[in-house]
Amino acid sequence: MTSFVVEADGGSRGNPGPAGYGAVVKDAADGQILVEVADPIGTQTNNVAEYRGLIAGLKALLDLAGDGASVEVRMDSKLVIEQMAGRWKIKNEGLRPLATEAASLARRLRVTWRWIPRERNKDADRLANEAMDAAAKGVPWRSSVSAPAASSASSSAQGSLFDTADPAPAPVVEAVAVPTTPATAGTGWRPPTTTATTLLLLRHGETPMSVERRFSGLGDPELTPNGLAQAEAAAARLTREPYDVQVVVSSPLRRALVTAEAVAARLGLDVVVEPDLRETDFGAWEGHTFTEIQRHWPDELATWLADPSAAPPGGESFGDAARRVQVIGDRLVERYEGRTVLAVSHVTPIKMLVRSALLAPLAALYRMHLDLAALSLIEYYADGPAVVKAFNDTSHLR
């Protein structure tokens, strides 16, 4: 499994004085910088700036790799490293809230704490000094170099780059025109009625690809034992009130189909396979981690992150996926009007259907997080708009 290094630093000119922090996230295998973050923070002490750098670095890693990532945190601040490792007490009450925030972030990761001398913390030190320069001038921080595959950020790191298994990157992108139902015109199917067509959207359970955080599009991995347990938990929930599932449809990919079959077996229903509920085709990137793609396809990745009409090499763009999913969504609502339909699918199609129901732009796709075996719910009315009533509900897994 991919592991990472976070290097962080902070300082002030005067202690207290104009202060700033910097942090980098690196690939532990080759030291490649994946993310840079820095920010001037006004007048503060060295220790406050160092803690702020640590917090920014941990947030950047969580945004990049998600919960559970393995990381070695390196800082030249003996105080911060020893306090976070639990070997030194926090005597300065002004630092306690920052230490508490950092510890809360660290608990979401697998962290090893390591003190390093300043000369081995050059990347974070450079960023912190740039931020201190900006603080002294009262201007925003701007990176002085362009690190390969690095993302320059200010007070926040990159947006969520992974969605556990079927990944969706999170840049700010231009919207692509995708047909949607006007909010005031209703759905347009048959005569007006107040009976809702309910679409329950269930993401498949865990696979080996999701465990290793690899791009999983049209590849066909099996569910893990945990994934099978997640499918059974979802099935148990959907046999109870208030659910009254009358139709089960599924993506043809095995991870979704096996999840759907677990539910259908409890309900005594057959599974209808709908090919257009499949995941986005990631082409040559299938099976690779985000870090591997950054290393081997840097230009193609940058284009894909910036333009939803761009596709991975040999793959499908998000714009094309949106149009495909819109068609199958409309077809299901028309075909099963007034009924409750369970659709078992993947991250991208489920997000696309929710986005469309909300009349949101395509860029909204990057502001949603969808867990494995999560349940979402949309109601469609022929004489009114679609209504999103639930999203990313995983209460059945707890």
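In every chain, residue numbers begin from 1 and rise along the written sequence. Local features are withheld for residues below a pLDDT of 70 in this predicted model, meaning they are given only at 70 or higher, and side-chain atom pairs are given and counted only at 80 or more; totals for whole chains, interfaces and linings count all residues. Side-chain numbers come from the whole structure's heavy atoms, not from hydrogens or water.

What about the confidence of the model for the protein chain?
As a general rule, the predicted coordinates of low-pLDDT regions are not to be interpreted in detail. Think of pLDDT as the predictor's per-residue confidence, scored from 0 to 100. The predicted model of the protein chain has a mean per-residue pLDDT of 86, with 86% of residues at 70 or higher. Of all the helices and strands in the protein chain, strand 6 (residues 152–153) carries the lowest mean pLDDT, 36, while strand 10 (residues 340–345) carries the highest, 98. Residue contacts are counted whenever heavy atoms from the two residues lie within 4.5 Å of one another. Below a pLDDT of 50 lies the segment residues 146–192, which in the model reaches 149 contacts outside its immediate sequence neighbourhood of four places, other chains included. Note on conventions: DSSP H or I runs of at least 4 residues are helices, E runs of at least 2 residues are strands, and numbering of each starts at the N terminus.

Some details on the environment of Leu199
The residue Leu199 is located in strand 7 (residues 197–203) in this model. The rule is simple: take the accessible area with a 1.4 Å probe, protein chains only, and divide by the maximum for that residue type; under 20% is buried, over 50% is exposed, in between is partly exposed. The class for Leu199 is buried, based on a relative accessible area of 3%. The spatial distance from the C-alpha of Leu199 to the C-alpha of Val388 is 9.7 Å, given a sequence separation of 189 residues.

Observations concerning the pattern of salt bridges
Criterion for a salt bridge: a side-chain nitrogen of Lys or Arg within 4 Å of a carboxyl oxygen of Asp or Glu. A full pass over the atoms with the stated rule returns 30 salt bridges. A salt bridge links Lys59 to Glu101; its shortest N-O distance comes to 3.3 Å. Here Glu101 lies in helix 3 (residues 96–106) and Lys59 lies in helix 1 (residues 46–65), a separation of 42 residues in the sequence. Using a relative accessible area of 39% as the deciding quantity, one classes Lys59 as partly exposed. Given a relative accessible area of 33%, Glu101 falls into the partly exposed group. Arg74 serves as the salt-bridge partner of Glu72, at 2.6 Å between the closest nitrogen and oxygen.

With respect to the nonpolar core
In this text, buried Ala, Val, Leu, Ile, Met, Phe, Trp, Tyr and Cys residues form a nonpolar core when linked through side-chain atoms within 4.5 Å. In this structure, Phe4 and Leu54 are the most contacted members of the largest nonpolar core, which totals 78 residues. If you tally residues by element for this core, the top one is helix 1, at 12 residues. What Phe4 contacts, discounting residues up to four positions off in sequence, is Val25, Lys26, Ala28, Leu34, Leu61, Leu64, Ala65, Ala69, Ser70, Val71, Glu72 and Thr291. Ranked by size, the runner-up nonpolar core spans 16 residues in total, among them Tyr243, Val245, Ala260 and Val344.

A word on helix 7 (residues 254–267)
The α-helix winds at 3.6 residues per turn, so residues separated by three or four positions along the chain end up facing the same way. Multiplying 1.5 Å by the helix residue count minus one yields the expected span of that helix. Taking 1.5 Å per residue as the helical rise, helix 7 with its 14 residues ought to reach 20 Å, and the 20 Å between its terminal C-alpha atoms agrees with that figure. Taken residue by residue, helix 7 has Arg255, Ala256, Leu257, Thr259, Ala260, Ala262, Val263 and Ala264 as its buried positions. Two residues or fewer after helix 7 comes Gly268, characterised by a positive phi angle close to 70°.

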